[in-house]
Structures are given as structure tokens and as C-alpha cells.
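Here's the letter readout for the chains.
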Amino acid sequence: MSKTRDLCWLKKRVHQPDISSYYIKNRRDSVVMKTIERELSLLFEDAEPSDDAKSPLVLSLTGDGTGDGYEIEKTEAGYAVTASSEKGLLYGVFGLHRILITKGRLPFKSQPDQSIRMINHWDNFDGSIERGYAGESIYYDRNHFRGDMEIVRSYARLLASTGINAVSVNNVNVHKKETFFIKSENLKEIRKIADVFSEYGIRTYLSINFAAPIVVGGLDTADPLLPEVAAWWEQVTADIYKEIPQFGGFIVKADSEGEPGPFTYDRTHEDGANMLARAIKPFGGIIIWRCFVYNCGQDWRDRSLDRARAAYDIFMAHDGKFEGNVILQIKNGPIDFQIREPNSPLFGALRKTNQILEFQITQEYTGHQVDICYLVPMWKETLDFDTCYGKDAFIKNEIKKNSPDPKRSGIAAVGSAGMDANWTGNKLAQANLYGYGRLVWDNSLSSEEIAREWVNLTFELTEDQASKIVDILTTSRGVYEDYTCPLAVGFMCRPNVHYGADIDGYEYDRWGTYHYADRNGVGRERSVARGTGYTRQYSDARFREYEDLSTCPDELLLFFHHVPYTHVLRSGKTVIQHIYDTHFAGAEKVEQYERTWESLEPFLDEESYTNVRDRIKKQKENAINWRDQINTYFYRKSGISDAHGRKIYD
Ligand code: GCW
């Protein structure tokens, strides 16, 4: 039996006596229409269906049934919600609920900024979640399908209420057990999940193993250019669509971190992706092919290799050569979801390929949903990043503009939800799940607006009290960066676990993530003049900016350059003093969070209060530990004392 689950941002019902009935104009019988009616009864107290076109709430279906946008107006009798499709109307119902609870403005008109708005689950059939911090999988339990459709439904409504329209339901690292998901005997179970998501207008995708023809197909090869391999995939996709007509397609992690791929057969990623694309094309499916491909067996002694270069080096040559139903999925940064990285140079450079930008909601490198880290500000920076500097070539627009079929472009993120009753472990981490959906739908929302919405939907607080939580959220990314990642030196965390400090944990290992700290200085030199030449993968304007020490932004300096500890930043501080200052400040700020949170105790429900208070205590220990390890480490390397004489252990 499942515990009572948190209804999160859908918890409050609208109590408005004047919305006593609703009328649906041009009502059609459909699955989504049933969902709309169900949601009206869940979200609006007392709203009864009516045949009276003059009801206080009128929902109208107009137009051709495509498009996700909606409009809400105040009318004499109450409210009118209009959309051209049922999905649009469903989004409109959630929109009206949000606006009435948060006292937002009307009239309100909204169209999503991105077509594909997706969540990728890294759930395994054994119930574990790779990089999951909120309990076990909601789909699987000890190599069975959990089969609790009420949980899936509750999750689907949370997602749909923020505008999400696609999910992939198994890990991109597809182990043997999940490789079998595409076999007929398992499709009924996948179908149950897909059907529940369909009620909420969400399409279901599966991650596949490129070697599936061998693992489950009885072939002795998965060579994408062999006709028998292509024929096998054609049969597999035909079987899937027979069982699940609304199936979205496949997501593929190939030739990456031990996953099989076309390189095994001396074939390219173009060969691999296009073969699958042709197999799934007759059914309208798509292939989402990840660009997270790099050599994870590097020799730390060899400074000529640069993992940051990999995605661009591998994929640029194939721009324009992928089938129309292939989408390349590109992580926001060139390495791996660090709290601070530059944006991937593929954005703005790939001009003739459908593309999806990939974020990570689960807090793998950003505090494991113990430490508070509201990620919307970071995501916004990426969306608003101008790839040509001053030419209005923002990533949020480039991903659409450079996709030959803009409907096949968008944003995906690794999910953060699990069986924990509050879905995300740390209650405040709900703001990331909510915020992701909201931001991806409306790229112009500010981080603060989204945080305030979430707080107002979630708690009963005065504006002053709410502002305290909003302030914690909106400053938390900077704080996490302050105590873990000076000037974009990532990966100083405990290997594999990715929580807690271990400054040399990855330094002499095979993963290609080095800080190169020595007695003189720190940082990875990636310039053309003195380093790996990674800077040249950017547009001319960005290349010049990053290449030159005097124009490279401080916050990215050590990602692009190796500099002495005494190097003076644009801020006027030396690198070493910056390291000390940010680490003292970061830990101090967490102590402030603790005091602020404790001051809110009388105004919060006990469960939320204790949940976050316990985690802030752990975060404080974590931050102090990071502070002391980093400060001591760099003090020992550099021999330079803190200008303010604060305590640094030697
Ligand atoms: O950052 C790495 C994670 C892996 C993950 C991989 C990926 C699913 O540590 O756990 O594998 O990224 O994105 O494929």
C-alpha cells in the first residue's frame, strides 16, 4: 500500500462559491476530456457540470485540435477558458487553478515556447534509480512492474500541470533486464504506464540498448548497416506500435560510459541513429540520440585529451545528415551537469539537425536533494545565453531555429521523483520539478516568479514569510557554487557518489575531469594559444571572449585557463583570495538559511518544517566540510594566507 502522497502544488482547492458550475462548449468524448472533468472536480470545490452555456465557468474548444496554448478571461458570469485542443484546455484548467490560487492577472494568454517538454527517468527494473535521491522507482520494484497506476496518475497530473508532454520511463543505461522492455511480453505493462500518461497528454518513450539485437534478439551483431539488424528493429517497432499506438519513440545512449554503440562496428552515430529512425518512421516515432559521448578511459598523464571537446568533435561532422525524425539531445554543458560550466558549443553551431537541450533536475552534482539548490537560475542562464554574443542568438531560440522541424525540438531533463511521499526527498526540491516544467513552457518567466508561485501554491504564508523562502531558493544555487566549485573547477567531489568534498578524488583517474592544481596555480588550459583548443568550438565572438584571459568571465575562468593563484580577477580579487572568500561566505550563508528556516517554524506544517530543517543541518555540515577541505587544500598548495586572517587549517 502506498503512503498518502503529497499533492504538492496542486494541494489547494479553489473555493470560489461563484464557480458553482461549468459548461464545456464543443465537448468531444476522449481520454483527455475525461481528465479535464476529473481535474475540475479535484481542483475547484463545488464545480458541477452543467448544460447551461451561461455557467460561471465556460471551457471552449475551438479550432483544429492542434496546439497546446490557451486563453483565460474574466467574464461577467465568471471565467472563460479557450483552447484549440483538448490538451490546451487541460493546460488551461491547470492555468486557471494556478492563477486563482496565486492571485495572478487576467486575462491570460499562453503558448508554450518549446514543443517537446520532456522528463527522462533513470529508473532501473530492480527499483533503484540511478542518481535518484527520493526513494525507489515509482514504476518498478524488484524486477517487477510495480503496477500502482494511482501513483503514476498522481505523477502525470503533477507533470501536466506544469506543461510537461513527454517522459521516458527507464534509465539510459539500459541493463539486461530493461533491454527486455521492448519484447512483446512486457509491452502490456509499458502500455499501462503509457495509457495513464496519455490521459494527461504525455507521450511515453523508452530508452533502448543499442545491442538489443544481440541481447534479446538472438542475432550475433548489432551492426546498423546490416539488413538483418535493420529488419529486427523494424519488427520490434511494429510490435510496440501495435500494442501502444501512442508510443513516442526511443532514447539512445550509445558508445558512452560502457554502453554499446555503432563505434563497435566502425560505424558512425549517423549510421546508428538513421537506421533506427527509418525503422520507427512509418509509425510516426522519433529517435532521441544523446550527444553525451566521450572517452571515459583517459590517461590523466596525457594533457592533450580534453573531454569537453568530445560532443562537438563527434557530432558536428554529421550536421544535416540525420533523418528528419532524429533529434540530438545535448547536455547544457560540455562536461556533465556541474553547478557551473560554460554552455555546450553545439548550441548555435549545429544548424541543420533537430535538437533537444538536456538539463538535470535530480541533484546529482548539486546536493543530492539534501542541500538546497534551486536550479531554475542556472537553467535560465543557459536559455538566455547568446551564442554569438550580442546577436540575439539565444539558446532558447537557437534550438528551435536550427531544427529543420521545430516541432521536433525542445528541452528534456533527468527527473527527480521517487517513492518518497513528498516525491523529491527535500520538500524544497519540489520547486525544481515545478520550476523546470514552468520554465520550459514559458522561457520568459523569471526564477523569482517561479519560486514565488511554487511557495504560494505550496504553503499558507504571509507575503513576508513567503519572501524568506523565495530568497533561500533564489540564492541557493550561488551558495552551492560558493562552497563547492570556485571559478568553475568542477568535480572536486567524492568519486561516483558525487556528494561531499574530495578534491583529488578524480584527479588521477580516467574520467577526464581534472583541476591540475599545483604549487603555482590551478585550472584547465583550453585556449587555442596554450591549451586544448576547446575555445575554438564557439562562435568567433565567444571564442575571442573565452580565449583571452582579460575578457574571460570570472565565473568560468578556471574552466578555460590555468592561472597562478595570484592572478587578479576582473572582480579585483586574486584567485586564491576568491577561493577563501567564497568558501567562508557559502558556509556562512547556509547557517543563515538554518536561522531563517527555524524562524518560520510557527507558520509551516510540521512535516515540511522538519523535512527541510533536518536537511539544512546536513547541508551545514557538508558546507563546512567543503569550506575547510578546499581552503586547506589550496592553502597547502599555494602557501598564501587568507588576507583576512580567518581560520584555515594547515
Ligand atoms: O553524469 C553521468 C552520471 C551517470 C549517467 C550519465 C549520463 C545515466 O554520473 O550516472 O548515466 O551521466 O548522463 O548518461
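For the structure, check the block above.
Here, residues in each chain are numbered from 1, in the same order as that chain's written sequence. For a predicted model such as this one, the threshold for reporting local features is a pLDDT of at least 70, and the threshold for listing and counting side-chain atom pairs is 80 or more; totals across whole chains, interfaces and linings nevertheless cover every residue. In computing side-chain properties, one takes all heavy atoms of the structure into account and sets aside hydrogens as well as water.

1. Examining empty space enclosed by the protein
For step 1, the next point in the chain: Only protein atoms enter the 1 Å grid used here, on which a cavity is any set of points holding a 1.4 Å probe that cannot leave and a pocket is any open set flanked by protein within 12 Å on both sides along at least five of seven lines; residues with an atom within 4 Å of a point are listed as lining. Grid points are joined across faces, edges and corners, and a volume is the space filled by probe spheres set on the points. Scanning the entire structure with this criterion turns up seven cavities of 30 Å³ or more.
For step 2, the next point in the chain: Estimated volume of the largest cavity: approximately 170 Å³.
For step 3, the next point in the chain: Amino acids outside the nonpolar list (Ala, Val, Leu, Ile, Met, Phe, Trp, Tyr, Cys, Pro) and the charged list (Asp, Glu, Lys, Arg) are all regarded as polar, and Gly is one of them. Split into classes, the residues belonging to the lining of the largest cavity amount to seven nonpolar, six polar and four charged.
For step 4, the next point in the chain: If you trace the second largest cavity, you find 18 residues lining it, with Cys291, Phe292, Ala311, Gly333 and Pro334 closest to the centre.
For step 5, the next point in the chain: A run of H or I in DSSP becomes a helix once it reaches four residues, and a run of E becomes a strand once it reaches two; helices and strands are each numbered from the N terminus. Only α9 (310–315) and β14 (326–331) provide two or more residues apiece to the lining of the second largest cavity.
For step 6, the next point in the chain: Considering every element that reaches the lining of the second largest cavity, the biggest residue donor is α9, with three residues.
For step 7, the next point in the chain: Grouping the amino acids of the lining of the second largest cavity by side-chain chemistry returns 13 nonpolar, three polar and two charged.

2. What to know about the environment of Glu39
For step 1, the next point in the chain: Of note, Glu39 is situated in helix α1 (residues 31–43).
For step 2, the next point in the chain: Judged by relative accessible area, which is 0%, Glu39 ranks as buried.
For step 3, the next point in the chain: Measuring from C-alpha to C-alpha, the distance between Glu39 and Thr102 comes to 18 Å, with 63 residues separating the pair along the chain.
For step 4, the next point in the chain: Aside from chain neighbours lying at most four places away, what touches Glu39 is Phe44, Leu90, Val93, Phe94, Arg157 and Tyr200.
For step 5, the next point in the chain: Side-chain atoms alone can form a polar contact between residues adjacent in sequence; in general such a contact is a pair of N or O atoms within 3.5 Å, and within protein one must be able to donate a hydrogen while the other accepts it. In this structure the side chain of Glu39 is engaged in a polar contact, spanning 2.6 Å, whose partner is the side chain of Tyr200. Only protein chains enter the accessibility calculation, which uses a 1.4 Å probe; a residue is then buried when its area is under 20% of its type maximum, exposed when over 50%, and partly exposed in between. We call two residues in contact when some of their heavy atoms are within 4.5 Å.

3. A look at the state of the cysteines
For step 1, the next point in the chain: What counts as a disulfide here is a pair of cysteine sulfur atoms lying within 2.5 Å. If you walk through the whole model with that rule in mind, you get zero disulfides.
For step 2, the next point in the chain: There is no disulfide at Cys291, and the cysteine sulfur nearest it, in Cys296, is 17 Å away.
For step 3, the next point in the chain: A relative accessible area of 4% means that Cys291 is categorised as buried.
For step 4, the next point in the chain: Cysteine Cys296 is unpaired, with the sulfur of Cys493 as its nearest cysteine sulfur at 16 Å.

4. Comments concerning a negative patch on the surface
For step 1, the next point in the chain: Side chains of Glu601, Asp605, Glu606 and Glu607 sit close together on the surface and give a patch of like negative charge.
For step 2, the next point in the chain: Residue classification places Glu607 among the exposed positions, given a relative accessible area of 64%. Patches here: salt-bridge-free residues with over 30% relative accessible area, like charges joined within 9 Å, nonpolar side chains (Val, Leu, Ile, Met, Phe, Trp, Tyr) joined within 5 Å. Shrake-Rupley sampling with a 1.4 Å probe provides the accessible areas, and residues are treated as covered by the protein chains on show and by no other component. Salt bridges are counted wherever a side-chain nitrogen of Lys or Arg sits within 4 Å of a carboxyl oxygen of Asp or Glu. Positive charge is attributed to Lys and Arg, negative charge to Asp and Glu, and no charge count is given to His or to the chain ends. By convention, the point assigned to a charge is CZ for Arg, NZ for Lys, CD for Glu and CG for Asp.

5. Overview of the pattern of salt bridges
For step 1, the next point in the chain: For the structure shown, the criterion picks out 47 salt bridges.
For step 2, the next point in the chain: Between Asp299 and Arg301 there is a salt bridge; the shortest N-O distance is 2.8 Å.
For step 3, the next point in the chain: The class for Asp299 is partly exposed, based on a relative accessible area of 34%.
For step 4, the next point in the chain: A residue is classified by how much of its surface remains accessible, and Arg301, at 58% relative accessible area, is exposed.
For step 5, the next point in the chain: Close ionic contact of Glu545 with Arg542 constitutes a salt bridge, the shortest N to O distance being 2.7 Å. Placement of the pair is Glu545 and Arg542 together in helix α15 (residues 540–547), with a separation of three residues, close to one helical turn. Here Glu545 and Arg542 have matching classes, each one buried.

6. Describing the environment of Lys321
For step 1, the next point in the chain: Mapped onto the elements of the fold, Lys321 is located in the loop between α9 and β14.
For step 2, the next point in the chain: A residue is classified by how much of its surface remains accessible, and Lys321, at 47% relative accessible area, is partly exposed.
For step 3, the next point in the chain: In this structure the C-alpha to C-alpha distance between Lys321 and Asp64, which are 257 residues apart in sequence, comes to 33 Å.
For step 4, the next point in the chain: Lys321 has contacts with Glu270 and Asn274, leaving out every residue within four places of it along the chain.

7. Some points on the packing of aromatic side chains
For step 1, the next point in the chain: We call Phe, Tyr and Trp rings a pair once their centres come within 6.5 Å, taking the six-membered ring for Trp, and we label the pair stacked below 30 degrees between planes, edge-to-face above 60, and tilted otherwise. One pass over the structure, following the stated rule, counts 39 aromatic pairs.
For step 2, the next point in the chain: Look at Tyr139 and Tyr140: their rings are 5.6 Å apart centre to centre, the planes differ by 50°, and that puts the pair in the tilted class. One exposure class covers both Tyr139 and Tyr140, and it is buried.
For step 3, the next point in the chain: For the pair Phe559 and Phe560, a centre-to-centre distance of 5.5 Å together with 70° between the ring planes defines the contact as edge-to-face. Of the two residues, Phe559 and Phe560, both sit in the buried class.
For step 4, the next point in the chain: A connected cluster of aromatic rings, assembled from ring pairs, spans Phe125, Tyr139, Tyr140, Phe145, Tyr155, Phe181, Phe197 and Trp423.
For step 5, the next point in the chain: Positioned above the aromatic ring of Tyr79, the side-chain terminus of Lys74 is 4.5 Å from the ring centre.
For step 6, the next point in the chain: Placement of a charge over a ring requires the Lys NZ or Arg CZ to be within 6 Å of the ring centre, with the centre-to-atom vector within 35 degrees of the ring normal. The ring of Tyr294 is capped by Arg307, whose NZ or CZ atom sits 3.7 Å from the centre of that ring.

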